[in-house]
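Listed here are the chains, written in short residue letters.
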Amino acid sequence: MFATFTAPSFGPVHNRPSSGRTCRCGVQHDQEDDVLGTPLDPDTYDYEAAVLWNAHAGALWRRFSVYLRREVAKRAGLSQRRFRDHARVSFAKVAEYQKRGAVHFHAVIRIDGPGGGDTPPPPWATAELLTDAIRAAARKVRVEGPTLDGRAHTFTFGRQLDVRTIRSADFNDGQELTERAVAAYIAKYATKGAETATGTLDRPLKFAAELAQLDISDHARRLIRTAWTLGARKDLEHLRLRAWAHMLGFRGHFSTKSRRYSTTLGALRDARAEWRRAQATAANDRATDTTYVLAHWVFAGTGLSPTEAWLSASLEPAPGTEGEPTNG
Ligand SMILES: [Zn+2]
């Protein structure tokens, strides 16, 4: 199954209702409108809860995965102990930022036989059973957060939960599910209506004063400032909110930069160096258990620029070698 888990609401935001009605602000927003996803009223938007939710999203997911195994076992009529002899539930997830700056998770969840991907799932392991278990676990899961100034925070997933059966052969090979496989699947079948990032930073902040100069939306600025301010609290030290303020509180990593390269040799060199750095960072991040965050996909255009056409032509096989494999 392919499932998307969202954050709850932290206040009304500008949107494009699927009913075709106008936004609550009275405007029919264009799809490209920068205001989409930003609060209708920033002064009442719950920035504190929004940042803290991102900071607890990883914990919420981990607990969900425990609940999910429990819900699947229950529906199969098995105790948790005996469950292991019958089936294995495996999953991989990636994170993505919604325009409002809340993280959401895309996950691929699969039931195999007790030996993992090499063994066929038991007959009771249907898509319906798994969907039902996912929905039940997502509904029940909650993480108790900190109490700040007399307010006790509790974190749950939002009501918007999308679960669908994967009908392609992408995950049929019995391979272990990986973040990369999930990212590749999403890239291949770009989920309809997937929202893109709110414009976060690609590096940690050193000083709050930097914020004023950055070319980001006021909404992103306010989320980052909230994380920075909360990061000063002793009781929230474990969330390392200053180190993760640029990620709006969420401890995740990007593997690809959503940067457009013009195809010059210098740019290619930079791209290669960038890729190596990203690989090194990814290796580090695996050690610290962060979540892979999908890059922001942008439409770059179709066809080739004159430079790309020239480069492409120069890469064509020399006469007499046609038919040999190339890395085009
Ligand atoms: Zn609006």
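Residues numbered from 1 in each chain as written. Predicted model: local features only at pLDDT ≥ 70, side-chain atom pairs only at ≥ 80, totals over all residues. Heavy atoms only, no water.

Undergrad: What should I look at first to understand the coordination of the zinc ion in this one?
TA: Reference geometry at the metal: tetrahedral coordination by four donors gives ideal angles of 109.5 degrees; octahedral coordination by six donors gives 90 or 180 degrees. For the zinc ion, the full set of protein donor atoms is His 14 (ND1), Cys 23 (SG), Cys 25 (SG) and His 29 (NE2), at a range of 2.0 to 2.3 Å. One chain supplies every donor to the zinc ion, and in sequence these donors are spaced H-x8-C-x1-C-x3-H. One end of the pair, His 14, is in the loop between β1 (2-5) and α1 (47-76); the other, His 29, is in the loop between β1 and α1, with 15 residues separating them in the sequence. Taken as a pair, His 14 and His 29 share a single burial class, namely buried. (Donors = N, O, S within 2.8 Å, 3.2 Å for Na, K, Ca; no water. Helix = DSSP H or I, 4+ residues; strand = E, 2+ residues; numbered from the N terminus. Buried < 20%, exposed > 50% of the residue type's maximum accessible area, 1.4 Å probe, protein only.)

Undergrad: Which parts of the structure should I look at to understand helix α5 (residues 218-230)?
TA: Helical periodicity: at 3.6 residues per turn, an α-helix aligns residues three or four positions apart in one direction. An ideal rise of 1.5 Å per residue puts 18 Å on 13 residues; α5 measures up with 18 Å between its terminal C-alpha atoms. By the burial criterion, the buried members of α5 are His 219, Ala 220, Arg 221, Leu 223, Ile 224, Thr 226, Ala 227, Trp 228 and Leu 230. Elements in contact with the buried residues of α5: α1 and β4 (143-148). (Expected span 1.5 Å × (residues − 1). Contact = heavy atoms within 4.5 Å.)

Undergrad: How do you make sense of the pattern of salt bridges when you look at a structure like this?
TA: It is possible for side chains of opposite charge to pair when their charged atoms get near one another. All told, the structure shown has 13 salt bridges when counted by the stated rule. Put simply, Asp 46 and Arg 151 hold a salt bridge, and the shortest N to O gap is 2.6 Å. Here Arg 151 lies in strand β5 (residues 151-155) and Asp 46 lies in the loop between β1 and α1, a separation of 105 residues in the sequence. Judged by relative accessible area, which is 35%, Arg 151 ranks as partly exposed. Salt bridges linked by common partners bring Glu 71, Lys 74, Arg 75, Asp 132 and Lys 140 together as one network. (Salt bridge = Lys/Arg side-chain N within 4 Å of Asp/Glu carboxyl O.)

Undergrad: Hey, could you run me through the packing of aromatic side chains in this one?
TA: Each pair of aromatic rings is reported with the distance of its centres and the angle of its planes. Here the structure, examined in full by the defined rule, presents 11 aromatic pairs. Residues Tyr 45 and Tyr 47 carry aromatic rings whose centres are separated by 5.0 Å and whose planes lie at 65° to one another, so their mutual orientation is edge-to-face. A single burial state applies to Tyr 45 and to Tyr 47, both of which are buried. Three or more aromatic residues joined by ring pairs make a cluster, and in this case those are Phe 5, Trp 53, Trp 61, Phe 64, Phe 91, Phe 105, Phe 157 and Phe 250. (Phe/Tyr/Trp six-rings, centres within 6.5 Å; stacked < 30°, edge-to-face > 60°.)

Undergrad: Just to check I follow, could you spell out helix α4 (residues 179-188) for this structure?
TA: For α4, every residue scored as buried is listed here: Val 182, Ala 183, Tyr 185 and Ile 186. Viewed along the axis of α4, the buried residues span an arc of 160°, placing them on a single side of the element. Looking at the buried side of α4, the elements it contacts are β1, β2 (88-97), β3 (103-112) and β8 (291-293). (Arc of directions from axis to C-beta.)

Undergrad: What should I look at first to understand the nonpolar core in this one?
TA: When a protein is soluble and globular, its nonpolar side chains tend to lie buried together. Core analysis: the largest hydrophobic core is formed by 67 residues, its most contacted members being Phe 5, Phe 64, Leu 68, Ile 109 and Ile 134. Those elements that provide at least two residues to this core are β1, α1, β2, β3, α3 (127-140), β4, β6 (161-164) and α5. Among the elements that line this core, the one with the most residues is α1, at 14 residues. Sequence-distant contacts of Phe 64, that is, excluding residues within four places in its chain, are made with Phe 5, Ile 109, Ile 134, Ala 137, Ala 138, Val 141 and Phe 157. By size, the runner-up hydrophobic cluster in this structure holds 12 residues, among which are Ala 92, Leu 177, Tyr 185 and Tyr 292. (Core = buried A, V, L, I, M, F, W, Y, C linked by side-chain atoms within 4.5 Å.)

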